[in-house]
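What follows is each chain in one-letter form.
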Amino acid sequence: MKCPSYTFEEILSQPEIWQQTLYHLSQNHIETAIEFGKYEQVLFTGCGSTYYLSLWASRWCEMRQRVLSRAVPSSDLLLFPSSWLHRNKRSLLVAISRSARTTETIRAVERFQAGGYGDCVVVTCYPDQPLAKISPWVLGVPGAGEKSVVQTRSFSNMMLAVAALIEQDTPPGLATLYMEEGTRILKESIALAKFLGSSHNLAKFVFLGSGPFYGLANEAMLKGKEMSLTPTEAFHFMEFRHGPISTVDRQTLVVGLLSEEGLDYELDVLKDVHELGAYVVALSGVKHPSIMQNVDHALFIDEGPSPIWHAPLYLPFLQLLAYYRAISKGLDPDHPVHLKAVVELQ
Ligand code: F1P
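These figures come from a predicted structure and were not determined experimentally.

K.L.:
Looking at this structure, how should I read the pattern of salt bridges?
P.N.:
Between side chains of opposite charge, a pair can form when the charged atoms approach closely. This structure, assessed with the given rule, holds 13 salt bridges. Between Arg-64 and Glu-167 there is a salt bridge whose closest N-O contact spans 2.7 Å. Of this pair, Arg-64 sits in helix α3 (residues 49-65) while Glu-167 sits in helix α7 (residues 153-167), placing them 103 residues apart in sequence. For Glu-226, the salt bridge goes to Lys-223, with nearest N and O atoms at 3.2 Å. Placement of both Glu-226 and Lys-223 in helix α9 (residues 213-228) is noted, with a separation of three residues, approximately one turn of the helix. A relative accessible area of 1% places Lys-223 in the buried class. Members of the salt-bridge network, linked through shared partners, are Glu-181, Arg-184 and Glu-188.

This is the structure in structure tokens:
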């Protein structure tokens, strides 16, 4: 009997770890020390999954803190600092790294600090590792550490830390939302992901998301590649019509992460791809009667106190879709091909 996959166990553990993280964040008030108004820009940086988390974070930061916010891969900040940083424009750099050992991210932070461009906050699951030691401000979520090579619960819990940083508070009732809604979503996600994962007629996955959801669409794209070697792509919702839609056929699964702001436009895109033969799944925090008209399945997610805080609830389905596709192809999600948990350079 093969022991259960620790990647699977860690995906299932998210509702419980989210509650632990919320409690941990409530005891650590570093986010209240950050005065966003002191900075002309906020840069979020990371690699792979943590770059995609940065994409999600930067949109929320700009919306909620009304400060110019951007996401940049650590390697680009390291190699092209002057295309992102300027001495006369004070920046806050939020460096996100599950391991706090990724060389590109460490070197990018060192270059940022050497250039005197501003202040740095590190968000990590391992606050005792090198990256956390070179930053005066560290938001740690140690309970979200994981054995899996690909990021699962580490990602969704670091999202909570970033949400606390941006919101500078955690609203009441989140623990109940994550326990109750998280458990419900997990159950519904397992059933749908198992069905889609084993539906090999759906040979390629497309993830669509706009605004903050674009970062989550990219993380879903990456999970599909890392765990199941599936051809996956991610686009802003309406970008898909500007060329990539030409690839849609009956072998295409399209997962749309719907937003309240863009709902009508986004549903039109899902209608178009559905008519072209795609199998369409919608994930939505908005309950609207028109959603079911042009999709094959919809997962509704409770909005909770505010959309920034319900974002982690989208991750279990996106992670389980990749997991079950991997299992159905005879792959081992605990040992993804060509991947290491941390990229450390010489
Ligand atoms: C970054 C990262 C992951 C990727 C893989 C290798 O790690 O590139 O995003 O999925 O696990 O490492 P970290 O800096 O967040 O630890």
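K.L.:
Teacher, can you tell me more about the packing of aromatic side chains here?
P.N.:
We describe a pair of aromatic rings using the distance from one ring centre to the other and the angle between the two ring planes. Tallied over the entire structure, the rule returns ten aromatic pairs. With 5.6 Å between their ring centres and 45° between their planes, Tyr-51 and Tyr-52 make a pair best called tilted. You can call Tyr-52 buried: its relative accessible area is 15%. Judged by centre distance (6.1 Å) and plane angle (40°), the ring pair of Phe-112 and Tyr-117 falls under tilted. Grouping residues by exposure puts Phe-112 and Tyr-117 together as buried. Within the aromatic cluster, the residues linked to one another by ring pairs are Phe-8, Tyr-323 and Tyr-324.

K.L.:
Looking at this structure, I do not really get the packing of α9 against helix α12 (residues 315-328). What am I missing?
P.N.:
The contact between α9 and α12 brings their axes to 8 Å, and the two run at 20°. When the axis of α9 is compared with that of α12, the two are roughly parallel. Every pair of crossing elements has a handedness; the one defined by α9 and α12 is right-handed. Together, Leu-216, Glu-219, Ala-220, Lys-223, Gly-224, Met-227 and Ser-228 of α9 and Leu-315, Leu-318, Gln-319, Ala-322, Tyr-323, Arg-325 and Ala-326 of α12 make up the contact between the two elements. Along the lines of polarity and charge, the residues of the contact of α9 with α12 split into eight nonpolar, three polar and three charged.

K.L.:
What am I meant to see in the domain arrangement of the chain here?
P.N.:
Much of the literature gives interface size as the accessible area that the parts lose upon coming together. By domain assignment, the chain separates into domain 1 (6-167) and domain 2 (174-328). Placing a centre on the C-alpha atoms of domain 1 and another on those of domain 2 gives a separation of 25 Å. On the side of domain 2, 32 residues touch domain 1, which itself brings 28 residues to the contact. Counting the surface domain 1 buries against domain 2, the share from its top three residues, Phe-8, Trp-18 and Tyr-52, is 21%. Linking domain 1 with domain 2 are zero salt bridges. Counting across the domain 1 and domain 2 interface gives five residue pairs in polar contact (both at pLDDT 80 or more). Residue assignment for the side of domain 1 that touches domain 2 shows that the elements contributing at least two residues are α1 (6-12), α2 (14-27), α3 and α7. Among the elements that take part in the side of domain 1 that touches domain 2, α7 stands out by supplying eight residues, more than any other. In the side of domain 1 that touches domain 2, the residues fall into 18 nonpolar, eight polar and two charged.

Each value, and the rule that gives it
In this convention, every chain numbers its residues from 1, walking through the sequence in written order. Confidence filtering applies because this is a predicted model: local features only for residues at pLDDT of at least 70, side-chain atom pairs given and counted only at 80 or more, and all residues used for totals across whole chains, interfaces and linings. With hydrogens and water set aside, each side-chain value is computed from the structure's full complement of heavy atoms. Here a salt bridge means any side-chain nitrogen of Lys or Arg lying within 4 Å of a carboxyl oxygen belonging to Asp or Glu. A helix here means a DSSP run of H or I that spans at least four residues, while a strand means a run of E at least two residues long, and both kinds are numbered starting from the N terminus. Three labels apply to residues, based on accessible area from a 1.4 Å probe with only protein chains included: buried if under 20% of the type maximum, exposed if over 50%, partly exposed otherwise in between. Aromatic pairing here means that ring centres of Phe, Tyr or Trp (its six-membered ring) are within 6.5 Å. Orientation follows from the plane angle: under 30 degrees is stacked, over 60 is edge-to-face, and everything else is tilted. Here an angle of 0 to 180 degrees is reported between the N-to-C directions of two axes, which are lines fitted to C-alpha atoms, with helices fitted over the stretch in contact. An angle counts as roughly parallel when it lies under 35 degrees, as roughly antiparallel when it exceeds 145, as roughly perpendicular when it falls between 65 and 115, and as oblique in every other case. Each crossing gets its handedness from the near helix: less than a right angle anticlockwise from the far helix is left-handed, clockwise is right-handed. Working rule for contacts: check all heavy atoms of both residues, and any pair within 4.5 Å makes them a contact. For this scheme, ten residues count as nonpolar: Ala, Val, Leu, Ile, Met, Phe, Trp, Tyr, Cys and Pro. Four count as charged, namely Asp, Glu, Lys and Arg, and the remainder, Gly too, count as polar. Boundaries between domains were set according to an automatic or database domain assignment. Summed over both partners, the accessible area lost on bringing two parts together, with a 1.4 Å probe, is the buried area. Polar contact is the term for a pair of N or O atoms within 3.5 Å; when the atoms are in protein, one must be able to donate a hydrogen and the other to accept it, and sequence-neighboring residues count only if both atoms are side-chain atoms.

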